[in-house]
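So the chains spell out like this:
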Protein chains: 2
Amino acid sequence: MHVLVIGAAGMLGRKLTERIASDSGLFGDDIDRVTLVDVIEPPVPAELSAVARTMTLDLSEDGAADTVIALRPDLIFHLAAIVSGEAEADFDKGYRVNLDGTRLLFEAIRAEGLRQPYRPRLVFTSSIAVFGAPFPDRIGDDFLAAPLTSYGTQKAIGELLLADYSRRGLFDGIGLRLPTICIRPGKPNKAASGFFSNILREPLIGEEAVLPVEDSVRHWFASPRAAIGFFIHAARLDLARLGPRRTLSMPGLSATVGEEIAALGRIAGAKAVRLIRREPDPAIAKIVAGWPADFDTRRANSLGFRAETGFDELIRAHIDDELDGRI
Amino acid sequence: MHVLVIGAAGMLGRKLTERIASDSGLFGDDIDRVTLVDVIEPPVPAELSAVARTMTLDLSEDGAADTVIALRPDLIFHLAAIVSGEAEADFDKGYRVNLDGTRLLFEAIRAEGLRQPYRPRLVFTSSIAVFGAPFPDRIGDDFLAAPLTSYGTQKAIGELLLADYSRRGLFDGIGLRLPTICIRPGKPNKAASGFFSNILREPLIGEEAVLPVEDSVRHWFASPRAAIGFFIHAARLDLARLGPRRTLSMPGLSATVGEEIAALGRIAGAKAVRLIRREPDPAIAKIVAGWPADFDTRRANSLGFRAETGFDELIRAHIDDELDGRI
């Protein structure tokens, strides 16, 4: 089996590749080839036994998708995207990478299939950014995609294309709407959602973190570990069970900032909690107020997707995976 | 005021142009220029007092949209599309015309606005084909777009782009999801939905018509007259009232084939009803079973959009508009 990861240098792409490297029987057939694609050189895990090839290219450039698809991978993970803030700031780049890049990938698969039969499995990363306020208390599987950002628009269009290409049998596609990933490893960044991770990650290593919103703010979370679990499960699932609706809101944990902090206190003590500095920022509070807070993900649940059910579990996953089990 | 109609040679495009020609004060300001665009030469109504220009071109061709938008129309009606059956049969043509053509139009407006400030109003024609079974009994304004055809996919993508370009202030857009138009004037055609019109239109002129489904089949209708009313209302409405969700399911009439036939009997007598020949066609019955039957269009209603409320009214509109009031 030949596995292609597009966006392999990103946080989730690297974790997914490491998971593939640690278990060559992950998808039933032995994984004998792995192709890693990104706009920067993707790292190759040392423990990878399959033949690895890296390609540094941008899918939205002429012929790039054709070059990749000419290798005829059996399983494709498409994680590449310009993130929300950048897609909002740079209209052309967002549409070029997130919409055109995705469509060119899908078209390259169709063109390859016209040359000789080819119908890979394709796992597409979407986002809860396809939803825009006003929301019901819990967003169900039948709720409309009405994005309030260009990024969300591009992801919603990707979902529609994924469904149509799958319906026509051009590939076997599944889209995963990821919750906000928390605790996101690495350094604090300027993303409006960054504080959800910062207020846990930094205190766990004895550093201060800034909280710009009220403790009552509620949002929708899954750990990086849960996200990788979604990808693996999506790659193994019998997709005929999906019917024509090919994208699923992934399960997650609906929790308030206050619940995050309480879990931090239980696991790391009051000293860690005292490292959270409250600095209300009305601009961030306003952005976050437009984000979804809770989902009813019964379709994904019934298909066997699983996420954390409490913030303690989510923090422990971070301690295990990023801090070698120690705080 | 300069009005542009794209798709001006189609059934609705012609009726819209005739309506514009009959009332130059239709949109408040005097209409002094009208540009009519289609892939075939659009007819110019004799009674049009504005300066008319026709352009025979395909929006999806290089530079075509730029040529049209260089004229800087104030109000744009975008009705051009490859219909459902053809978009399903010809994948490339459907995506090229319905997706790329629409996006090139939107991009041409953005590019013109970068040269000098420009923010026209744009009325986009969408369709209930953006919805796919399974449905609730009535499809509400929050129900997801999950199309089961490439045409529906292309229209749903157009809606998303319309919302994003409007949100960014690049134009002031509104999308109208039209019900199935009934009674569609002209000759019987091979569209799967054709019989809904045929079983009324043909008997009204003494001709036989074939009914391929059960009398209990329910569907969602509006007359051509109501559709033109939607376009005019959309062009006049304060679009700030829409908020970020820029496309609306238009009001219509939910009725069964049996109710159609009963109305025909009331208006044209038992002799007309006897011209309907029942020839069950399981293939058509199966296609139609996947179509929406009823909508809750409270957003459009509250914004003042109006359609027929009974099939008698819908048949009388046809007799007035197509048969000079006589049967």
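One can find the structure itself at the top, above this paragraph.
Fair warning: this is a prediction, and the values are worked out from it, not measured in the lab. (Residues numbered from 1 in each chain as written. Chains lettered and ligands numbered in written order. Predicted model: local features only at pLDDT ≥ 70, side-chain atom pairs only at ≥ 80, totals over all residues. Heavy atoms only, no water.)

Draft legend 1. How the structure looks around the packing of aromatic side chains. Scanning the model with the defined rule gives 32 aromatic pairs over all chains in all. Taking 5.2 Å as the distance between ring centres and 65 degrees as the angle between the ring planes, the aromatic pair formed by Phe221(A) and Phe311(A) counts as edge-to-face. Of this pair, Phe221(A) sits in strand 9 (residues 218–222) while Phe311(A) sits in helix 11 (residues 311–322), placing them 90 residues apart in sequence. Here Phe221(A) matches Phe311(A) in class, with each residue buried. A centroid spacing of 6.2 Å and a plane angle of 90 degrees characterise the contact between Phe77(B) and Phe231(B), whose relative ring orientation is edge-to-face. (Phe/Tyr/Trp six-rings, centres within 6.5 Å; stacked < 30°, edge-to-face > 60°. Helix = DSSP H or I, 4+ residues; strand = E, 2+ residues; numbered from the N terminus. Buried < 20%, exposed > 50% of the residue type's maximum accessible area, 1.4 Å probe, protein only.)

Draft legend 2. Expanded view of the nonpolar core. If you look at the biggest cluster of nonpolar residues, it comprises 78 residues, and the most contacted ones within it are Leu122(A) and Leu122(B). Excluding anything up to four places from it in sequence, Leu122(B) contacts Ile76(B), His78(B), Leu105(B), Phe106(B), Ile109(B), Leu162(B), Phe171(B), Asp172(B), Gly173(B) and Ile174(B). (Core = buried A, V, L, I, M, F, W, Y, C linked by side-chain atoms within 4.5 Å. Contact = heavy atoms within 4.5 Å.)

Draft legend 3. Looking closely at the interface of chain B and chain A. Contacts between chain B and chain A engage 35 residues on the former and 35 residues on the latter. Note on chain B versus chain A: buried area summed over both sides is about 2,900 Å², and carbon and sulfur give 53% of it. Three residues, Phe91(B), Leu160(B) and Arg245(B), lead the burial of chain B against chain A; their summed loss comes to 23% of the area buried on that side. On the surface where chain B and chain A come into contact, there are 8 salt bridges. As a salt-bridge pair, Arg168(A) and Glu88(B) come within 3.6 Å of each other at their nearest N and O atoms. (Buried area = accessible area lost by both parts, 1.4 Å probe. Salt bridge = Lys/Arg side-chain N within 4 Å of Asp/Glu carboxyl O.)

Draft legend 4. Spotlight on the pairing of strand 4 (residues 75–78) of chain A. All names here are of chain A. Across the two faces of strand 4 the burial is the same, with Leu-75 and Phe-77 and Ile-76 and His-78 all buried. Bridging between strand 4 and strand 5 (residues 121–127) involves 4 bridges; their strand directions are parallel. For His-78, the partnering residue across the bridge sits in strand 5 and is Phe-124. (Pairing = 2+ DSSP bridges.)

Draft legend 5. Inspection of the sheet that holds strand 2 (residues 33–38) of chain B at higher detail. All names here are of chain B. As summarised here, the arrangement of the 7 strands in space is 3-2-1-4-5-6-10, forming an open sheet in which the pairing is parallel. Either end of the sheet is taken by a strand with one partner, and the two such strands are strand 3 (51–56) and strand 10 (247–249). Direction aside, neighbouring strands of the sheet carry axes that sit 15 degrees apart on average. Bridge count for strand 5 (residues 121–127) against strand 6 (residues 172–178) is 7 bridges, and the pairing is parallel. The partner of Phe-124 across the bridge, within strand 6, is Gly-175. Across the sheet, helix 1 (residues 11–22) touches strand 1 (2–6), strand 2, strand 4 (75–78) and strand 6, and the angle it forms with strand 1 is around 165 degrees. On top of the sheet, helix 5 (residues 150–167) reaches strand 5, strand 6 and strand 10; it is set at about 155 degrees to strand 5, its chief contact. (Axes fitted to C-alpha atoms, helices over the stretch in contact; angles between N-to-C directions.)

Draft legend 6. Seen up close, helix 8 (residues 257–273) of chain B. A rise of 1.5 Å per residue sets the reference length of helix 8 of chain B, with its 17 residues, at 24 Å; its end C-alpha atoms lie only 12 Å apart and thus fall more than 12% short of the reference. Those residues of helix 8 of chain B not exposed but buried are Val257(B), Glu260(B), Ile261(B), Ala263(B), Leu264(B), Ile267(B) and Ala272(B). (Expected span 1.5 Å × (residues − 1).)

Honestly, that's just the spatial picture; any functional story needs more than this.
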